[in-house]
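Here is how the chains run, residue by residue.
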Amino acid sequence: PTRRAVLRATALAAVVAVAGAGCGAVPGSVTSVDEPEFIRELPIPPLAESTVAGGVRTFRLTAQEGTTELLPGVETPTWGFDGPNLGPTLRAERGEKVAVEVTNDLDVTTSVHWHGMHLPAAMDGGPHQPVAPGDTWRPAWTIDQPAATLWYHPHPHGETEEHVYRGLAGLFLLDDDASRAADLPQEYGVDDVPVVVQDKVLDDDGRLVLKDDGGEPGTLGGTVVTNGVAGAYQEVTTERVRLRLLNGSTARTYSLGLADREMDLVATDGGLLDAPVRLDHVRLAPGERAEVVVALEPGETTRLRSSEADLGGVAAPFAMGGNDAFDVLELRAADELAPSPEPSWGPSTHAAEDALHEDDATVTRTFDLDERTINGERMDAGRIDEVATVGSTEVWEVRNTIPMPHSFHVHDVQFRVLTVDGQAPPPELAGPKDTVYLEPRRTYRLLMRFDDYTDDVLPYMYHCHMLLHEDEGMMGQLLVVEPGSDARPGRSERLSG
Ligand code: C2O
Ligand code: CU
């Protein structure tokens, strides 16, 4: 094991020891967030170029090293796709065939996972699709799901936290008939603005540090960046602006809203809600997204901020970095604003076929999460944990059994949150989701259906998206198979090694 892995293992032993003593968790080293001056224009990740041939839209992404001024005047070594940090925004339409040529110019093995995407397991980009230094991986699939704000990031076995933390992450936007016809701001980078929020720890030389201090749920940084810079502002030229929020952090949960007004939540991880919901903040755990629409008056300034998150019963001494209030982005409205419509949209033409119905559920699975295991097991690449039949609707009963939070993510599907401890979910959990913050000691019932793609060998992953937890084994493997397949949970010689 690497030196870091050893340090991390020691830290985990401490967590378990304290939990055993009845205390529950090691307090995160509660880093207070430095408030920068908001004097840097928000960088907008460019839309990725693509070529279309033979009915396939092909993108190219190269993982590489570089340096970035996360803080003004400080050169920080970072990793990015097609640039020094983060990556271009990929964009495609429902029904399109897409392909990506992923080249690894790093000197370590990585992978690229399409988070939130419905696609064959062989194209998923998890730990079973590593890309060695110098290699190119060529996944291809057909976009077949509603318009949404998805994202992509590395998923190499045991190294996901470090690769994402160093800067490898980008957005993957999907459009469809309903989203194009919607009364929503949709001019990319103008009134439809990506906002990737991440936190970092920088040492005195400006280098990124992953702390190994045993704090839960991982490294909580005092430097918060949006689209890769601290202290960013966005000029707004329209009456309303749509913010596509992604929590791209490894551990920190945010509670994002405006300092002085409410906003309309219009979409969650997997796409549009049935109708906008007026909220003052939305909680986002690592991996979660939300689209919100903010109204502004001419000439005014407001700020997107993370308020003291309601972390759901995580006591203050174990604040997990959420009980901190800080600003993440300034919005500056011009003296004259172009009109924007009131947010509204009609149902997608696929609404009926996409819909999930609890009555259709034929399988219930339970998942108990503690500090680092799911159902008592840590991730083993050679072990299949669950086998599902294609087309069947399932209820996953996910129980967080400990007094600290997790962020539960399932590959391939968008699920619905049926209940939280038996109660209907709050509005921000009522839309399509692929990742959900698990409050301490609560049970979440999730409804999902594994459609279209089967593989008797290659699994999809489900895991905690607090990336230290994921890397330390809080992940399981699910096969989706044809009816009558003889694949069973257990060891798979074809996977090990
Ligand atoms: Cu965003 Cu399995 O990951
Ligand atoms: Cu976790």
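Parameters and conventions
- Residues numbered from 1 in each chain as written.
- Chains lettered and ligands numbered in written order.
- Predicted model: local features only at pLDDT ≥ 70, side-chain atom pairs only at ≥ 80, totals over all residues.
- Heavy atoms only, no water.
- Domains from an automatic or database assignment.
- Contact = heavy atoms within 4.5 Å.
- Salt bridge = Lys/Arg side-chain N within 4 Å of Asp/Glu carboxyl O.
- Polar contact = N/O pair within 3.5 Å; in protein donor to acceptor, adjacent residues only side chain to side chain.
- Nonpolar A, V, L, I, M, F, W, Y, C, P; charged D, E, K, R; others polar.
- Core = buried A, V, L, I, M, F, W, Y, C linked by side-chain atoms within 4.5 Å.
- Buried < 20%, exposed > 50% of the residue type's maximum accessible area, 1.4 Å probe, protein only.
- Helix = DSSP H or I, 4+ residues; strand = E, 2+ residues; numbered from the N terminus.
- Pairing = 2+ DSSP bridges.
- Axes fitted to C-alpha atoms, helices over the stretch in contact; angles between N-to-C directions.

**A short note on the domain arrangement of the protein chain**
According to the domain assignment, the protein chain contains domain 1 (37-181), domain 2 (192-338) and domain 3 (351-491). With centres defined by C-alpha atoms, the gap from domain 1 to domain 2 works out at 21 Å. Counting residues at the interface gives 39 residues for domain 1 and 44 residues for domain 2. Linking domain 1 with domain 2 are 0 salt bridges, by the criterion used here. At the junction of domain 1 with domain 2, the criterion picks out 16 residue pairs in polar contact (both at pLDDT 80 or more). Of the residues that constitute the side of domain 1 that touches domain 2, the class distribution is 21 nonpolar, 9 polar and 9 charged.

**Re the nonpolar core**
Leu243, Leu245, Val294 and Leu331 are the most contacted members of the largest nonpolar core, which has 38 residues in total. The greatest single-element share of this core, amounting to 6 residues, is contributed by strand E22 (residues 326-338). Setting aside anything within four residues of it in sequence, one finds Leu331 in contact with Gln234, Val236, Val241, Leu243, Leu258, Val294, Leu296, Glu300, Thr301 and Thr302. Ranked by size, the runner-up nonpolar core spans 31 residues in total, among them Tyr437, Tyr444, Met474 and Leu478.

**Thoughts on the pairing of strand E26 (residues 393-400)**
With 6 of 8 residues buried, E26 is to be regarded as a mostly interior element. In this structure, strand E23 (residues 361-369) lies alongside E26, joined through 8 bridges in parallel fashion. Bridge assignment links Thr364 to a residue of E26, and that residue is Val395. As judged from the 7 bridges shared by E26 and strand E30 (residues 443-449), these two strands associate in the antiparallel manner. Residue Arg399 lies in a different strand from E30, and its bridge partner there is Thr443.

**Digging into the pairing of strand E14 (residues 232-238)**
Extensive coverage of E14 is indicated by the burial of 5 of its 7 residues. Across 2 bridges, strand E1 (residues 40-41) lies against E14 in parallel orientation. Counterpart to Glu41 in the pairing with E14 is Tyr233. By the bridge criterion, 6 bridges tie E14 to E22 in an arrangement that is parallel.

**Some points on the pattern of salt bridges**
Scanning all chains against the criterion turns up 42 salt bridges. Close ionic contact of Asp144 with Arg94 constitutes a salt bridge, the shortest N to O distance being 3.2 Å. Taken together, the residues span a long stretch of sequence, with Asp144 in the loop between strand E9 (140-142) and strand E10 (148-153) and Arg94 in the loop between strand E5 (90-93) and strand E6 (97-104) at a distance of 50 residues. Using a relative accessible area of 33% as the deciding quantity, one classes Asp144 as partly exposed. For Arg94, a relative accessible area of 12% corresponds to the buried category. A cluster of three or more residues bridged by salt bridges with shared partners is formed by Asp269, Glu288, Arg289, Lys433 and Asp434.

**Concerning the sheet that holds strand E7 (residues 113-115)**
With respect to topology, 4 strands assemble into an open sheet ordered E5-E11-E10-E7, the strand pairing being mixed. Two strands close off the open sheet at either side, each with one partner strand: E5 and E7. The sheet shows a mean angle of 25° between the axes of neighbouring strands, direction not considered.

**Comments concerning the environment of Ser407**
Inspection of the secondary structure assignment puts Ser407 in strand E27 (residues 406-410). Judged by relative accessible area, Ser407 falls into the buried class, the value being 0%. Discounting residues that sit within four places of it in the chain, Ser407 has contacts with Ala285, Pro286, Thr435, Val436, Tyr437, His463, Cys464, His465 and Met466.

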